[in-house]
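Okay, here's what each chain looks like letter by letter:
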Amino acid sequence: MMKKTVVLILLSVLLMSAVSCRNQSSASSAADSTLSQNTTVQPSAESSAPADRAEQPSVNSQPKQESLHPSSQSAESSQTPESSAPASQPAESSQTSESSAPASQPAESNLASASSVSSSQSVESTSSNELQTTSEVSSMQQSFSETSTSTENSVSDIFLNIHTKVSSVSVSWNLIKNADGYIVECSSSADFPQEYTSERQTTENSLTFEQLQQNTTYFLRIRTYRTKNGERIYSGWSETYTAPLKTIEVIDGATYVDGVLIANKTYALPSYFGYGLTDETYQAYNAMVAAAAADGITLWMESGFRSYDTQSFTYQSFVWDRGVALADLCSARPGHSEHQTGLALDFNTTSDAFAYTPEAAWIEAHCAEFGFIIRYPQGKEEITGYKYEPWHVRYLGMEKAAEISASGLTLEEYYGITSIYQD
Ligand SMILES: [Zn+2]
């Protein structure tokens, strides 16, 4: 009996606080309000709704919306740095609520964070009659797909997948039902003061921000919009994601990308670099040869470490034989050979016919299991700078080799680097 009374009292209190919460509307937390912007604000209404604007950071002024008008954007031209649209800056700088979002949270935290928004709240618009409705976002469950006739949406179910390179970030996301498009911002500051905005229409769910500053951590966020009566209705911004670009550093004249030593046409090694295959490479090679033998495949090392001086001689021989252009396709200039890293080796025979042997097929199928990748794959000559070499493998360790191998990308593509002689 006592218990029942207590429960009843508790229920009453909860009910009262829920009503009170609803009435407070814009007094609720700023962070929550980002999930419930329900309307665009027309210019004439702006002065009449200053409180709403303060609480609705992503309900921006008209110029911002115009700068993102679909007709002015094609998929190709949509990666427009926002700095070219200064009119939008003041509106963005008022988005103080997002800046309080913990920028360092891993992507996985997005769901948890979004689901924590559980309180009902209402935001009233005074901008126009047709949009003068009180909308409510009661929980993360509410989104476009479930409220197709209402004016709000939610970003709680958008998730960014991020792949960083040395100077670019590629993002993709799940398509949201009934969204007309997506706005993605990328900034070197979690406050997004100088954001770099891009936009995609509904059918597209990926984009790449390029020409970013190396060795910098970028911040990303996404929101959706619908178009109603010619007006864009934006969702709030998602959680802020961090995107640390792959680091690129030069140590004693050698270039490392994310700790991976690079020697290609762009990045050279100093003449004194290297002394032989690294222990790890040699052990991985031995393990691979043994495993191949168990499968009835005979592998041997045709060429392992090559010093700067050896490579000078090798390359010069090619030049004498075939001229510079052909030599550059199949032999590295001194300092640019991956063999000088002590992490690369050639199997069996370095002739084009090797590609059609069972040995080559076995190498391709299994080398990643031992930490190697086929460094110069078929059809990637323009990217790696070398013709297909089924015999040449590069040691990266099992984890990285498996990841890069599975990506189908060359080392250059995976890290976003070039392989081009400077002269
Ligand atoms: Zn080689």
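Residues numbered from 1 in each chain as written. Predicted model: local features only at pLDDT ≥ 70, side-chain atom pairs only at ≥ 80, totals over all residues.

## Regarding the nonpolar core
By size, the foremost hydrophobic cluster in this structure holds 32 residues, and its most contacted members are Cys 367, Phe 372, Ile 373 and Val 393. For this core, the secondary-structure elements that each account for two or more residues are strand S14 (260-262), helix H9 (279-294), strand S16 (344-347), strand S17 (372-374), strand S18 (392-395), helix H14 (398-407) and helix H15 (411-415). Tallying contributions element by element places H9 first for this core, with four residues. Those residues in contact with Val 393, other than ones at most four positions away along the chain, are Ala 344, Leu 345, Ile 363, Cys 367, Phe 372, Ile 373, Ile 374 and Arg 375. Counting 25 residues, the second largest nonpolar core, distinct from the first, contains Val 171, Ile 183, Phe 209 and Ala 243. (Core = buried A, V, L, I, M, F, W, Y, C linked by C-beta atoms within 7 Å. Buried ≥ 20, exposed ≤ 12 C-beta atoms within 10 Å, placed from the backbone. Helix = DSSP H or I, 4+ residues; strand = E, 2+ residues; numbered from the N terminus. Contact = placed C-beta atoms within 7 Å.)

## Here's the deal with the confidence of the model for the chain
Per-residue confidence for the chain gives a mean pLDDT of 72; residues scoring 70 or more make up 62%. Segment residues 1-151 is flagged for pLDDT under 50; beyond a separation of four residues in sequence, or across chains, it makes 212 contacts in the model. (pLDDT = per-residue confidence, 0-100.)

## Observations regarding the sheet that holds strand S12 (residues 248-251)
Here three strands make up an open sheet; going across it, the order is S12-S13-S14 and the pairing antiparallel. Of all strands in the sheet, those bounded by a partner on one side alone are S12 and S14. On average, adjacent strands in this sheet sit at an angle of 35° to one another, irrespective of strand direction. (Pairing = 2+ DSSP bridges. Axes fitted to C-alpha atoms, helices over the stretch in contact; angles between N-to-C directions.)

## Some words on the environment of Gln 311
Tracing the backbone through its elements, the reader meets Gln 311 in helix H10 (residues 308-322). Separated by 26 residues in the primary sequence, Gln 311 and Ser 337 have C-alpha atoms spaced 7.2 Å apart. Not counting chain neighbours up to four residues away, the residues in contact with Gln 311 comprise Arg 306, Ala 332, Pro 334, Ser 337, His 339 and Gln 340.

## Some words on the pairing of strand S4 (residues 160-164)
Strand direction decides the pairing type here: S4 and strand S5 (residues 169-173), joined by five bridges, are antiparallel. Residue pairing across strands places Thr 164 opposite Val 169, the latter belonging to S5. In sequence, S4 turns back onto S5 through a hairpin of four residues.

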